[in-house]
Amino acid sequence: MDVNDFDYELPEELIAQKPSDKRDECRLLVMHRDTDKIEHKHFYDVLDYLNEGDCLVLNDSKVLPARIFGVKKDTGANIEFLLSKRVDGDRWETLVRPGRRLKPGDEVVFGDGKLVATIEDFGDEGTRIISFKYDGIFMEVLEEIGSMPLPPYIERAATDEDKDRYQNVYAVNEGSAACPTAGLHWTPELLEKAKAKGVKLAFVTLHVGIGTFRPVKVDKVEDHKMHFEEYTVSKEAADIINSTRKAGGRIICVGTTATRTLESATDENGTLHAGSGSTGIFIYPGYKYKMVDCLITNFHLPKSTLIMLVSALYDREKVLAAYKEAVNERYKFFSYGDACLII
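Given the structure is predicted, the values throughout are model-derived calculations rather than measurements.

Caption draft 1: Fine view of the overall build of the chain. In terms of helices and strands, the chain carries seven helices and 17 strands. For the chain, whose C-alpha radius of gyration is 20 Å, the value lies close to the compact-globule estimate of 20 Å for 343 residues. For the C-alpha atoms alone, the extent of the chain along its principal axes is close to 65 × 45 × 40 Å. Expressed as a percentage of its 343 residues, the buried residues of the chain come to 54%. Here the contacts in the chain between residues at least 6 apart in sequence split such that 71% fall between residues at least 24 apart.

Caption draft 2: Structural detail: the side chain of T127. Tracing the backbone through its elements, the reader meets T127 in the loop between β9 (115–122) and β10 (128–134). Separated by 3.2 Å, the side chains of T127 and E93 make a polar contact. Polar contacts involving the side chain of T127 include one to the main-chain carbonyl oxygen of D124, which spans 2.8 Å. Each residue touching T127, except ones within four places of it in the same chain, is listed here: E93, T94, L95, F122, I210 and R214.

Caption draft 3: Seen up close, helix α4 (residues 235–247). For α4, built from 13 residues, the straight-helix expectation of 18 Å at 1.5 Å per residue is met to within 8% by its first-to-last C-alpha distance of 18 Å. Here α4 has its buried residues at A237, A238, I241, N242 and T244. Within α4, the buried residues cover an arc of 155° as seen down the axis, which keeps them to one side. Turned more than 90 degrees away from the buried face of α4 sit K235, E236, K246 and A247, all of them exposed.

Caption draft 4: Representation of the packing of aromatic side chains in the model. For the structure on display, the rule yields 17 aromatic pairs. Here Y166 and Y336 contribute two aromatic rings whose centre-to-centre distance is 6.0 Å and whose plane-to-plane angle is 80°, an arrangement assigned as edge-to-face. In this pair, Y166 sits in the loop between α2 (160–165) and β11 (173–176) while Y336 sits in the loop between α7 (316–328) and β17 (339–342), placing the two residues 170 residues apart along the sequence. According to the relative accessible area criterion, Y336 is buried, its value standing at 5%. Between the NZ or CZ atom of R27 and the centre of the ring of Y331, over which it lies, the distance is 4.0 Å.

Caption draft 5: Up close: the side chain of S131. Considering the arrangement of structural elements, one finds S131 in strand β10. Take S131: its relative accessible area is 17%, and that puts it in the buried class. Side-chain polar atoms of S131 contact the side chain of E120, separated by 3.3 Å. Once residues lying within four places of it in the same chain are set aside, the contact partners of S131 are D90, R91, V116, A117, T118 and E120.

Caption draft 6: Just the pattern of salt bridges, in detail. Taken as a whole, this structure holds 20 salt bridges when the rule is applied. A salt bridge links D164 to R23; the shortest N-O distance between them is 4.0 Å. Of this pair, D164 sits in helix α2 while R23 sits in the segment before β1 (27–31), and the two are 141 residues apart along the sequence. Relative accessible area serves as the criterion here: at 10%, R23 is assigned to the buried category. Connected through shared salt-bridge partners, R67, E80 and R97 make up one network.

Caption draft 7: Structural context of the sheet that holds β10. Pairing within the closed barrel is antiparallel, and its six strands lie in the order β5-β6-β7-β10-β9-β8. Put simply, the sheet's adjacent strands are angled 45° from each other on average, direction ignored.

Caption draft 8: Just the sheet that holds β17, in detail. In spatial order, the strands read β2-β1-β17-β16-β14-β3-β12-β13-β15; together these nine strands make up an open sheet with mixed pairing. Each end of this open sheet is capped by a strand with a single partner; those strands are β2 (38–42) and β15 (275–279). Each strand of the sheet is rotated relative to its neighbour by a mean of 25°, with strand direction disregarded. Here helix α5 (residues 256–265) sits on the sheet in contact with β3 (55–59), β12 (200–206), β13 (229–233), β14 (251–254), β15 and β16 (294–298), set at roughly 85° to β12.

Calculation notes
The residue numbers shown here count from 1 along each chain, following its written sequence. Where local features are concerned, this predicted model is filtered to residues with pLDDT of at least 70; where side-chain atom pairs are given and counted, the filter is 80 or more; whole-chain, interface and lining totals use all residues. Note that the side-chain values use all heavy atoms of the structure and ignore hydrogens as well as water. Elements are defined by DSSP. Helices are runs of H or I of four residues or more, strands are runs of E of two residues or more, and each kind is numbered from the N terminus. To get the radius of gyration, use the C-alpha atoms; to get the globule rule, take the number of residues to the power 0.38 and multiply by 2.2 Å. Partly exposed residues are those whose accessible area sits between 20% and 50% of the maximum for their type, while under 20% is buried and over 50% is exposed, using a 1.4 Å probe and protein chains only. In what follows, residue pairs with any heavy atoms lying within 4.5 Å of each other are defined as contacts. Under the rule applied, a polar contact is a pair of N or O atoms within 3.5 Å (in protein, one hydrogen donor and one hydrogen acceptor; residues adjacent in sequence only if both atoms are side-chain atoms). Take the number of residues in a helix, subtract one, and multiply by 1.5 Å to get its expected span. The directions from the helix axis to the C-beta atoms form the arc being described. By convention, a stacked pair of Phe, Tyr or Trp rings (six-membered ring in the case of Trp) has centres within 6.5 Å and planes under 30 degrees apart, an edge-to-face pair has planes over 60 apart, and any other such pair is tilted. Whether a charge sits over a ring comes down to the Lys NZ or Arg CZ being within 6 Å of the ring centre and within 35 degrees of the ring normal. Any carboxyl oxygen of Asp or Glu within 4 Å of a side-chain nitrogen of Lys or Arg constitutes a salt bridge here. Only strands joined by at least two bridges in the DSSP assignment are considered to pair. In this description, a line fitted to the C-alpha atoms serves as the axis of each element, helices being fitted only across the stretch in contact, and the angle between N-to-C directions of two axes falls anywhere from 0 to 180 degrees.

Next up, the structure:
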């Protein structure tokens, strides 16, 4: 498969630069796999498509204020860090800019000395392995000096509002360098209405790394290598999801990260196993889903691994046709944009 098969035209003004006024009032494009019908709704209408006995699977990873700005200790040069993932303890894999200035042994000071980083080694794909020194609790220091790691296509600085809006209302497990944005449209009230309708909720965790922003640089889809991300499926979540499947209910994933978690932890017999692991699963057309029936997701970048994942669940040409209709209908795209339901 050619990566260009997953390309589409997107006017720049349709890339959402800020969230909708209210989480659940964004637009919702509904794709019906059985009839190929497309509907134009609002996100609060999603309840009309959920049935008693279905299970919503949500990624409860919490986004870190992972972008921090400091100065190189010996020269005073401005340095930007984007924390990717914790290696162990106070050691992190980090994207640094400008990278050419930072070599093992260099120190960077943040927040007037509240946080000091030492470069330990070179990591993969231009990252650095760094260790932090600080007083107090690391996450509290990070909360004070850090800003939300908005994607590069949002062409503005992060604000205090983003600390709330670039975070899912059910996020509890800190560790992501980017938000699992399909969940941004849910409100506590909407989740309660889903439960009142008899829909089960199951929470899994996959910490999103900076690799989610990396473009596909090969020509052939099969040549692309995915980045690895850490996930956890609790026994409670596995039991809820397996029992739903056994009873004939549908497994409806909120987002591609929840999807990748389930497909990584499900065996060939269709049973989801509890536990933790690291996944680099790459889902593209030809892949046979083992657990996921339906998907709630945002609109994804052209030629991205995420639009390939969506195309594996439905049909590449029909997905691209739906995207073209969304462009014509002036939907907003990407992280702060509108949503899709593939049912």
